[in-house]
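Take a look at the letters that make up each chain.
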Amino acid sequence: MGYNVLDFRRRRASGAFSPARLFASGEEGAWYDPSDLSTLFQDSLGTTPVTTAGQPVGLMLDKSQGLTLGAQAITNGTFATATDWTLTTGAAISGGQLEFSPGSTGEARQSLTLDAGKTYIITFDIVRRAGAISVRLLGGTTNNFTTVGATGSYAYHVVPNAGNNELIIVATNTSVDADIDNISVREIPGNHATQATSAARPTYQYEWDGVGPLGDELVTNGDGNSIIGWSSGNSANLSSVSGRLRVTNNGAGFGNASQSFTTVVGDTYKITVSAFAGSSASQRWRIGTSVGGSSIYDSGSEASDINYSFTFIATATETYVTFYANTSNTTAYAEYDNISVKDIPVGSRLHFLAFDGVDDSMLTGTITPGVDKAQVFAGVRGLRSATSLIVEFSSNTNDNNGSFTTYRAGPAGWGHNSRGTSPDVLSVSSGFVAPTTNVLTGIGDISGPLTRISADGNVLASSTGSQGTGNFLTYPLYIGARAGTSLYFNGNMYGLITRFGPNLTDAQIADTEAYVATKTGVTL
């Protein structure tokens, strides 16, 4: 079925809808959900989960295939019998465990069938150890994915190299004395996104959704009706004047009022402040981990009255706010009001990946769609007025047949290009000045032909220009940059769904847009 442009504004309740429906017939693609922390890891091997705001994301699991593990690729991973493994001197199976004994660099090997480019979760337990063991995939290019020297349970998300067909566990030297158990190798289906370079990883963040309740007030007398709870610094006189906290210099410049409160490291807090320059002709305030500290935020010197409202991440168990009469004039003052700091509870959060616009990006393994139709749904906040990539199938749609890209188009637009053997380039250049938060829908139908870009359920541009012929071909999916090297996206990604498959109905498009909107904080 084709698309009906007249029905795009229709919205269904999205509470019961899951994007998993879009992949129910085995369609290729990906569904990334930053609000599901179980799918985010700080490193590309998935050994360290993301647990709090500000942490890097090196692996983001694709939920489109349900994250259901595939069949076990290892035989006798519990070492119940002394079979199925090829052992060398120094390695033995005894008592339901693989044992390494000092004196030789023992090895245990087993052949297995793996598909290069797919992701496998490899888990094992080190029950007892002295020294370190290395776990590798052999055949083709060796994948030496870990060396471990401590007891514990381990899990790695590993993409085999071409030709990898054997698992080997080896003692790293002749003094190793260790017991290994419960080795498992199972595929985790999907097109998972990774970033191997630590400095180029986006960070997980969250913000207030603007609707849900906030936590308890952490500031005492932030309404300016009393100075109780505030401490004077640099000889300042503190007073309450007409419902404002007044900070007056008293024989010295740059007097201040400060207050501390208990915070949880890594949690995000919403702060509001009304700042008035007063007679000092300059107001300034800071957030940090000590009186006058600015490690979290510094407003800078401001000569005008300003209302502030934003979120910050706590970096210590005690956080300070400090407000100045920001001048050397020894009798000048500044005033502050509506000072509030509140935690953002779990149910009131919008979760996202923050891309810095400098070097952050992710990519998948190669995807082979085998079809000529694709749909993209993205919840994003664009922070920069420059062309940048949200998602691109292939390293460059300008050059590669069977590809597409969804992108920030110049200073105030969005775009979606789709290409068979020739490109159809489609964008709007106005109406979306940064910062702008939108739910984007990009549609590419090579044989239709049809290219379409929508924002918040409204069609921005649509084209039936020729895209040539053929299907979408075999490429990685690049997220946040062109080929991971240019056109870096500066902004927030609240969710991303890419699907290769038959055209969706108007109702399916509406449901998917509504779902992404709830993750993005956009009202359709």
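You'll find the structure just up there.
Keep in mind that what you see is a predicted model, and the values were worked out from it rather than measured.

Asks: Explanation requested: the overall build of the chain in the structure shown.
Replies: Along the backbone of the chain there are one helix and 38 strands. Residues counted as buried form 54% of the 524 residues belonging to the chain. Excluding contacts between residues fewer than 6 apart, the proportion of contacts in the chain whose partners are at least 24 apart in sequence is 72%. Within the structure as shown, the chain displays about 19900 Å² of accessible surface, and the carbon and sulfur contribution to it stands at 48%.

Asks: Explain the pattern of salt bridges here, please?
Replies: Two side chains of opposite charge can pair, provided their charged atoms sit close to one another. Inspection of the entire model under this criterion finds 16 salt bridges. Between D115 and K118 there is a salt bridge, with the nearest N and O atoms lying 3.4 Å from each other. For K118, a relative accessible area of 36% puts it in the partly exposed group. Between R128 and D177 there is a salt bridge; the shortest N-O distance is 3.0 Å. In this pair, R128 sits in strand 8 (residues 120–128) while D177 sits in the loop between strand 12 (166–171) and strand 13 (178–187), placing the two residues 49 residues apart along the sequence.

Asks: Where do I start with the packing of aromatic side chains in this structure?
Replies: When we look at a pair of aromatic rings, we describe it by the centre distance and by the angle of the planes. For the structure shown, the criterion picks out 23 aromatic pairs. Residues F393 and Y475 carry aromatic rings whose centres are separated by 5.4 Å and whose planes lie at 85 degrees to one another, so their mutual orientation is edge-to-face. Taken together, the residues F393 in strand 29 (residues 388–393) and Y475 in the loop between strand 36 (458–463) and strand 37 (477–479) connect sequence positions 82 residues apart. Given the relative accessible area of 0%, F393 is considered buried. Look at Y475 and you get buried, because its relative accessible area is 14%. In this structure, R246 packs its charged tip against the face of Y333, placed 3.8 Å from the ring centre. Positioned above the aromatic ring of Y206, the side-chain terminus of R349 is 4.0 Å from the ring centre.

Asks: Would you explain the pairing of strand 19 (residues 256–262) in this entry?
Replies: For a regular strand, side-chain orientation follows a simple rule: the groups alternate between the two sheet faces. Along strand 19, five of the seven residues are buried, which leaves the element largely enclosed by surrounding structure. With three bridges joining them, strand 16 (residues 231–233) and strand 19 adopt antiparallel strand pairing. Paired with S232 across the bridge in strand 19 is A257. Pairing geometry for strand 19 and strand 24 (residues 318–325), over seven bridges, is antiparallel.

Asks: What am I meant to see in unusual backbone geometry here?
Replies: Residues other than glycine predominantly adopt negative phi, and peptide bonds predominantly adopt the trans conformation. Look at the link from A434 to P435: it is a cis peptide, with omega at -5 degrees. Residue placement: P435 occurs in the loop between strand 33 (427–428) and strand 34 (436–445). Within the chain, D84 stands out as a residue other than glycine whose phi angle is a positive 75 degrees. Classification of D84 as partly exposed rests on a relative accessible area of 43%. One non-glycine residue, N182, lies in positive phi territory at about 55 degrees. Looking at the secondary structure, you find N182 in strand 13.

Asks: What should I look at first to understand helix 1 (residues 506–520) in this one?
Replies: Helical periodicity: at 3.6 residues per turn, an α-helix aligns residues three or four positions apart in one direction. Between its terminal C-alpha atoms helix 1 stretches 21 Å, which fits the 21 Å expected from 15 residues at 1.5 Å a residue. Those residues of helix 1 lying buried are D506, A507, I509, A510, D511, T512, E513, A514, Y515, V516, A517 and T520. For helix 1, the secondary structure elements touched by its buried residues are strand 1 (28–32), strand 26 (349–356), strand 28 (373–382), strand 34, strand 35 (450–455) and strand 38 (490–500). Just downstream of helix 1, G521 is the residue with a positive phi angle, here 80 degrees.

Asks: How do you make sense of the sheet that holds strand 7 (residues 107–111) when you look at a structure like this?
Replies: As a general point, the strands of a sheet are linked pairwise by backbone hydrogen bonds and lie either parallel or antiparallel. Taken together, five strands build an open sheet; the order of strands is 4-7-12-9-10 and the sheet is antiparallel. Unpaired on one side and paired on the other, strand 4 (86–87) and strand 10 (143–148) mark the two borders of the sheet. As defined by bridge partners, strand 4 adjoins strand 7 across two bridges and the pair is classed as antiparallel. Residue pairing for strand 7: L87 is matched across the bridge by A108.

Asks: Can you walk me through the environment of S226 in this structure?
Replies: In this structure, S226 sits in the loop between strand 15 (203–208) and strand 16. Residues contacting S226, with those up to four places away along its chain left out, are N221 and S240. A polar atom in the side chain of S226 sits 3.1 Å from the backbone nitrogen of I228.

Asks: Quick question: what am I supposed to make of the pairing of strand 34 here?
Replies: The buried fraction of strand 34 amounts to nine of the 10 residues, a majority that puts the element mostly inside the structure. As judged from the 10 bridges shared by strand 28 and strand 34, these two strands associate in the antiparallel manner. The partner of Q375 across the bridge, within strand 34, is I443. Hairpin connection from strand 34 to strand 35: four residues lie between these consecutive antiparallel strands.

Asks: How should I be thinking about the side chain of Q259 in this particular structure?
Replies: Checked against the element boundaries, Q259 lands in strand 19. From its side chain, Q259 meets the backbone nitrogen of T220 in a polar contact 2.6 Å long. Of note is the side chain of Q259, whose polar atom sits 3.3 Å from the backbone oxygen of G229. Filtering out sequence-adjacent residues up to four positions away, Q259 remains in contact with L218, V219, T220, G229, W230, T319, Y320 and V321.

Scoring rules and cut-offs
- Residues numbered from 1 in each chain as written.
- Predicted model: local features only at pLDDT ≥ 70, side-chain atom pairs only at ≥ 80, totals over all residues.
- Heavy atoms only, no water.
- Helix = DSSP H or I, 4+ residues; strand = E, 2+ residues; numbered from the N terminus.
- Buried < 20%, exposed > 50% of the residue type's maximum accessible area, 1.4 Å probe, protein only.
- Contact = heavy atoms within 4.5 Å.
- Areas by Shrake-Rupley, 256 points an atom, 1.4 Å probe, with all protein chains shown as cover.
- Salt bridge = Lys/Arg side-chain N within 4 Å of Asp/Glu carboxyl O.
- Phe/Tyr/Trp six-rings, centres within 6.5 Å; stacked < 30°, edge-to-face > 60°.
- Lys NZ or Arg CZ within 6 Å of the ring centre and 35° of its normal.
- Pairing = 2+ DSSP bridges.
- Expected span 1.5 Å × (residues − 1).
- Polar contact = N/O pair within 3.5 Å; in protein donor to acceptor, adjacent residues only side chain to side chain.

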